[in-house]
Amino acid sequence: MEFGTLSIQQLLSGYQKKEFKPSEVAASFLKNISDKNEKLNAFLQVRPDETLSQARALDEKMSQVEMLPLFGIPVAIKDNFLVQGWQATAGSKVLSGYLSPYTATSVERLQSMGAVIVGKVNCDEFAMGSSNENSAFGPVRNPWALDRVPGGSSGGSSAAVAAGLATVSLGTDTGGSIRQPASLCGLVGLKPSYGRVSRYGIVSYASSLDQVGPFSRTVWDSARVLEVMAGHDGMDATSAKRAVPRFTEELKAPAKKAFTLGVSRSWLEGVDPDVAKAFDSAIEFFKKMGGKVVEIDLPHTKYALSTYYLIAPSEASSNLARYDGVHYGYRTQSAKTSEELYSKSRGEGIGREVKLRIMLGTYALSAGYYDAFYLKANQVRRKIQEDFEKAFTQCDFVVSPTSPSTAFKLGEKTDDPLKMYLSDIFTLPVNLAGLPGLSVPCGLDSNNLPIGFQMIGKPFGESELFAAAHQYEQIRGEFPVADMAKGRG
Ligand code: GLN
């Protein structure tokens, strides 16, 4: 039996009916990985014995009355999460060979509810990038078209699920790194509200923006993963002390059925025509369900890119100071003085894009420039938040395409950082405002590549996001799967 394209819900139902057991499912995913990963380069580490022994332990529990919420579900984890016993490179040579001493809270919660880890997956170095081409371990390819990027920075997470090599995966999203690759690979991707999920055990990039979230085939699956891993964690002071709704229960009887969508047409200028068409047709679906569309104004989103590229590199320059050849990972062989040990270890171990950001951030934080850059950027960040607060007095969600274009060719944007940065034009403001954002597949372009619809919710408004996206998904109908997942790639 082929399990690669089944959802969590379908796997759970098969387990309940005793049609198959966790070890069979795990073995089939491991086989898919060994057959297809050579082409994709999505997985950086698999530990078949460990995966199978986790799955076999679950086989014994098949007859328990109450099945765990993620019983026997194969999950792939981005390589910037710590999982005890597994490597955590964050896509960087500086951390190659680094073994996690403990497990991230999000992952621990999934494991304790029955999830089976099938591997650690590739990403842009320290989660900086939009195409997965900044990984020290080579680019990942998109299962929909192998000459194209899967998006980034969580490109391994999106490619793994889209190709049928994991049922769901975890990624991190600092400026779009879950929603954009989900969009480019035809998946549902969620960045929860800032503080919804613990960041403990994640390799930090920009701590005031980073969030953990799932990739999945369906909205229900996304809701299931979130309800398991969300909630306060004493190990992360920024995790919110908020009750976590039972999102999947709520989907059975949504409190609200007709939603008001806010669209800012001026924000959407310049998107690919195919993307614009699919976006408009998704809006039509919502109208058919009784929804309304209002024009909103987000006057400060035009500054989001510059704001993000001051705040994120500033925080990164501080967070990445720990990779010095002494505390962690790679150490140069050729240092004669301690000064050289630091500079050569960092110089040899850290890649070009990350160096660029460290320099940018260090500059923005330096005495004399702090007020003009970092402080100013934070003032603009507040203005962007206020734009959304105001918009939410008129609508339930703000909607946009997730990405201005579909998956681009490998190498197409690597020479032009600005072009690459523009891939995140619709996702960055959401992180700056700390809001939840969900990308749901809404169509295919003329090259048969998936397009994503982004829905941005109120703070901690994941319940409503799921309700609306789930409803949309049912009207839209089942979304096609990548050829590779059908066994044709
Ligand atoms: N592409 C953006 C960046 O390079 C966002 C990355 C992310 O969300 N981790 O910083």
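The structure under discussion appears in the preceding block.
Quick summary incoming for the structure in this document. Everything quoted here is computed from the prediction, not taken from an experiment. (Residues numbered from 1 in each chain as written. Predicted model: local features only at pLDDT ≥ 70, side-chain atom pairs only at ≥ 80, totals over all residues. Heavy atoms only, no water.)

1. Here's the deal with the overall build of the protein chain
Logical step 1: Secondary structure assignment for the protein chain yields 16 helices and eleven strands.
Logical step 2: Here the C-alpha radius of gyration of the protein chain, 21 Å, is about what a compact globule of 489 residues would show, namely 23 Å.
Logical step 3: Expressed along its principal axes, the backbone C-alpha trace of the protein chain runs to roughly 65 × 55 × 45 Å.
Logical step 4: Of all 489 residues assigned to the protein chain, the portion counted as buried reaches 61%.
Logical step 5: Taking all contacts inside the protein chain whose residues are at least 6 apart in sequence as the whole, residues at least 24 apart take part in 75%.
Logical step 6: Separation between the mean location of the 53 positive side-chain charges and that of the 52 negative ones in the protein chain comes to 1 Å. (Helix = DSSP H or I, 4+ residues; strand = E, 2+ residues; numbered from the N terminus. Rg over C-alpha atoms; globule rule 2.2 N^0.38 Å. Buried < 20%, exposed > 50% of the residue type's maximum accessible area, 1.4 Å probe, protein only. Contact = heavy atoms within 4.5 Å. Lys, Arg positive; Asp, Glu negative; His and termini not counted. Charge placed at Lys NZ, Arg CZ, Asp CG, Glu CD.)

2. Remarks on the pattern of salt bridges
Any two side chains of opposite charge can pair, so long as their charged atoms come close to each other.
Logical step 1: Following the criterion strictly, the structure yields 15 salt bridges and no others.
Logical step 2: For aspartate 236, the salt bridge is made with arginine 199, and the minimal N-O distance between the two is 3.7 Å. Of this pair, aspartate 236 sits in the loop between helix H7 (219–229) and helix H8 (247–252) while arginine 199 is found in the loop between strand E5 (188–191) and strand E6 (211–216), placing the two residues 37 residues apart along the sequence. Accessibility classification places aspartate 236 together with arginine 199 in one group, the buried group.
Logical step 3: Ionic pairing is found between glutamate 284 and lysine 287, a salt bridge with its closest N-O pair at 3.3 Å. With a gap of three residues between them, glutamate 284 and lysine 287 both fall in helix H9 (residues 273–288), about one helical turn apart.
Logical step 4: The exposure class of glutamate 284 is partly exposed, given its relative accessible area of 39%.
Logical step 5: Judged by relative accessible area, lysine 287 falls into the partly exposed class, the value being 40%.
Logical step 6: Connected through salt bridges with shared partners, the residues Arg382, Lys383, Glu386 and Glu389 form a single ionic network. (Salt bridge = Lys/Arg side-chain N within 4 Å of Asp/Glu carboxyl O.)

3. Quick notes on the site of the ligand
Logical step 1: Neighbouring residues of the ligand: 15 residues in total, closest Gly175, Ser177, Tyr205, Tyr308 and Asp424.
Logical step 2: With respect to the ligand, the backbone of alanine 127 contributes an N or O atom lying 2.8 Å from a nitrogen atom.
Logical step 3: Contact between the ligand and serine 177: an oxygen atom at 2.7 Å from a side-chain N or O atom of the residue.
Logical step 4: For the ligand, whose accessible area on its own is 290 Å², the fraction buried by protein is 100%.
Logical step 5: Cavity membership is defined here by more than half of the atoms lying within 2 Å of grid points; on that basis the ligand lies in the largest cavity. (Near = heavy atom within 4 Å. Polar contact = N/O pair within 3.5 Å; in protein donor to acceptor, adjacent residues only side chain to side chain. Areas by Shrake-Rupley, 256 points an atom, 1.4 Å probe, with all protein chains shown as cover. 1 Å grid on protein atoms, 1.4 Å probe; cavity = no way out; pocket = protein on both sides within 12 Å on 5 of 7 lines; lining within 4 Å. Sits in = over half its atoms within 2 Å of the grid points.)

4. Notes on the pairing of strand E11 (residues 450–456)
Logical step 1: With seven of seven residues buried, E11 is to be regarded as a mostly interior element.
Logical step 2: Going residue by residue along E11, you find Pro450, Gly452, Gln454 and Ile456 tucked away on one face and Ile451, Phe453 and Met455 tucked away on the opposite face as well.
Logical step 3: The sheet contact formed by strand E9 (residues 397–401) and E11 spans four bridges and is antiparallel. Within the sheet, the bridge partner assigned to serine 400 lies in E11 and is glutamine 454.
Logical step 4: With seven bridges joining them, strand E10 (residues 437–444) and E11 adopt antiparallel strand pairing. Within E11, the position partnered with serine 439 by the bridge is glutamine 454. (Pairing = 2+ DSSP bridges.)

5. Observations regarding helix H5 (residues 155–162)
Logical step 1: With respect to burial, H5 is a largely interior element, eight of its eight residues being buried.
Logical step 2: A positive phi of about 80° marks glycine 164, the residue just after H5.

6. Considerations on the layout of surface pockets
Logical step 1: Taken as a whole, the largest pocket encloses approximately 430 Å³ of empty space.
Logical step 2: The wall of the largest pocket is formed by 20 residues, among which Ser7, Arg217, Thr218, Glu478 and Phe479 lie closest to the centre.
Logical step 3: Contributions of two or more residues to the lining of the largest pocket are made by helix H1 (8–16) and helix H16 (462–476).
Logical step 4: Here the element with the most residues in the lining of the largest pocket is H16; it accounts for four residues.
Logical step 5: Split into classes, the residues belonging to the lining of the largest pocket amount to seven nonpolar, nine polar and four charged. (Points joined across faces, edges and corners; volume = space filled by probe spheres on them. Nonpolar A, V, L, I, M, F, W, Y, C, P; charged D, E, K, R; others polar.)

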